[in-house]
Amino acid sequence: MRVDIITIFPEFFGVLDVSLLGRARRESLLDLRVHDLRDCTHDRHRTVDDTPYGGGAGMVMRPEPWGEAFDALLPEGEQHDAVVVFPSPAGVRFTQPLARELAQVPRLVFACGRYEGIDARVAQHIAGRARVLEVSLGDYVLNGGEVASMAMIEAIGRLVPGVVGNPESLVEESHEAGLLEHPSYTKPQVWRGLEVPEVLRSGNHGAIAAWRREQAIERTRRVRPDLLPPEAAEAR
Ligand code: ADE
């Protein structure tokens, strides 16, 4: 999978060299390329923003540098098999199903806006060349799209075959079955007076699976009842 990131803070993405994604990059499972939007400016101050039409606080990113950056990555006149993601608190919610869907796409482009966002014509314009998605990490506001992109790239990247060594570990995670994950334990059996639940030490695989499922449902009902169908969320 190829992932391009357009940003005015390329240094944010240094962490993509670390851990699982770093290995995936070195092994060419993920081709991650970071582009500095300011390289697409032509004035002395490398200006990327301006005041909003209609007034209001804050600055909006001007369309011209974005146009140039996209022209280089997704040339005009072709339909590209790519998804362009604009991280934005005004976008659709990023979820595990969306991560799974995006993990199938051969090419992703993350367009990291800052300030009050990017001139709306940019997404409109690029929609003629590739699929465009405005995506929100959650109902809160970050200073820009960089941290949101990084979170999405990690969630998507680990679903690309080969990135996570043991693919079975992807199956039993939170959100894969529409539930939060059951609690996990390791050695020692007793730690500071707290004991590992006996069923997990029983060797009875059926009982262990049933206990884990029950715990997952109970935890989901307690912490995230919105994930359950209404009847299940209310049941006690
Ligand atoms: N940019 C600013 N806030 C954001 C959020 N909540 N999700 C995605 N991108 C953002």
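Fair warning: this is a prediction, and the values are worked out from it, not measured in the lab.

J.: Break down the sheet that holds strand β2 (residues 31-36) for me, with residues and values.
T.: Pairing within the open sheet is parallel, and its 5 strands lie in the order β2-β1-β6-β5-β7. The open sheet has two edge strands with one neighbour each: β2 and β7 (131-136). Each strand axis lies, on average, 30 degrees off the axis of its neighbour in the sheet, ignoring direction. Note: strand β1 (residues 2-7) against strand β6 (residues 107-111), 5 bridges, orientation parallel. Looking at the pairing, I5 lines up with F110 of β6.

J.: Lay out the packing of aromatic side chains with the relevant residues and their values.
T.: Applying the stated criterion across every chain yields a total of 3 aromatic pairs. The interplanar angle of 55 degrees and the centroid separation of 6.1 Å between the aromatic rings of F70 and F86 together place this pair among those described as tilted. Of this pair, F70 sits in helix α2 (residues 63-73) while F86 sits in strand β5 (residues 83-93), and the two are 16 residues apart along the sequence. Of the two residues, F70 and F86, both sit in the buried class. Cluster of aromatic residues (ring-pair linked, three or more members): W66, F70 and F86.

J.: How would you sum up the site of the ligand? Please name residues and give values.
T.: With respect to spatial proximity, the complete set of residues near the ligand consists of P87, S88, P89, V135, S136, L137, G138, Y140, V141, L142, G144 and A148. Backbone polar atom of G138 to a nitrogen atom of the ligand: 3.3 Å apart, as the coordinates give it. In the model, a nitrogen atom of the ligand is placed 2.9 Å from a nitrogen or oxygen of the L142 main chain. Summarising the interface, the protein chains cover 96% of the accessible area of the ligand, which totals 260 Å² for the free molecule.

J.: Let's hear about the pairing of β5: which residues, and what values?
T.: One ladder, built from 3 bridges, connects β5 with β6; its direction is parallel. Considered in β6, the bridge of V85 is made with F110.

J.: Provide a residue-level description of the pattern of salt bridges, including the pertinent values.
T.: The final tally for this structure, using the stated rule, is 18 salt bridges. With a shortest N-O distance of 2.7 Å, R46 and D39 are connected by a salt bridge. Residue R46 is classed as partly exposed on the basis of its relative accessible area of 33%. One connected set of salt bridges, linked through shared partners, spans R2, D4 and R107.

J.: Now, about the nonpolar core: what can you tell me, with residues and values included?
T.: By size, the foremost hydrophobic cluster in this structure holds 32 residues, and its most contacted members are L102, F110 and I156. Every element with two or more residues in this core is listed here: β1, α1 (19-26), β5, α3 (96-102), β6, β7 and α5 (145-157). At 6 residues, α5 tops the list of elements feeding residues into this core. Setting aside residues up to four positions removed in sequence, F110 forms contacts with V3, D4, I5, I6, V85, S149, M152, I153 and I156. One finds L73, A82, V84 and A111 within the second-largest nonpolar core, a separate group that totals 21 residues.

Reading the values: the criteria
- Residues numbered from 1 in each chain as written.
- Predicted model: local features only at pLDDT ≥ 70, side-chain atom pairs only at ≥ 80, totals over all residues.
- Heavy atoms only, no water.
- Pairing = 2+ DSSP bridges.
- Helix = DSSP H or I, 4+ residues; strand = E, 2+ residues; numbered from the N terminus.
- Axes fitted to C-alpha atoms, helices over the stretch in contact; angles between N-to-C directions.
- Phe/Tyr/Trp six-rings, centres within 6.5 Å; stacked < 30°, edge-to-face > 60°.
- Buried < 20%, exposed > 50% of the residue type's maximum accessible area, 1.4 Å probe, protein only.
- Near = heavy atom within 4 Å.
- Polar contact = N/O pair within 3.5 Å; in protein donor to acceptor, adjacent residues only side chain to side chain.
- Areas by Shrake-Rupley, 256 points an atom, 1.4 Å probe, with all protein chains shown as cover.
- Salt bridge = Lys/Arg side-chain N within 4 Å of Asp/Glu carboxyl O.
- Core = buried A, V, L, I, M, F, W, Y, C linked by side-chain atoms within 4.5 Å.
- Contact = heavy atoms within 4.5 Å.

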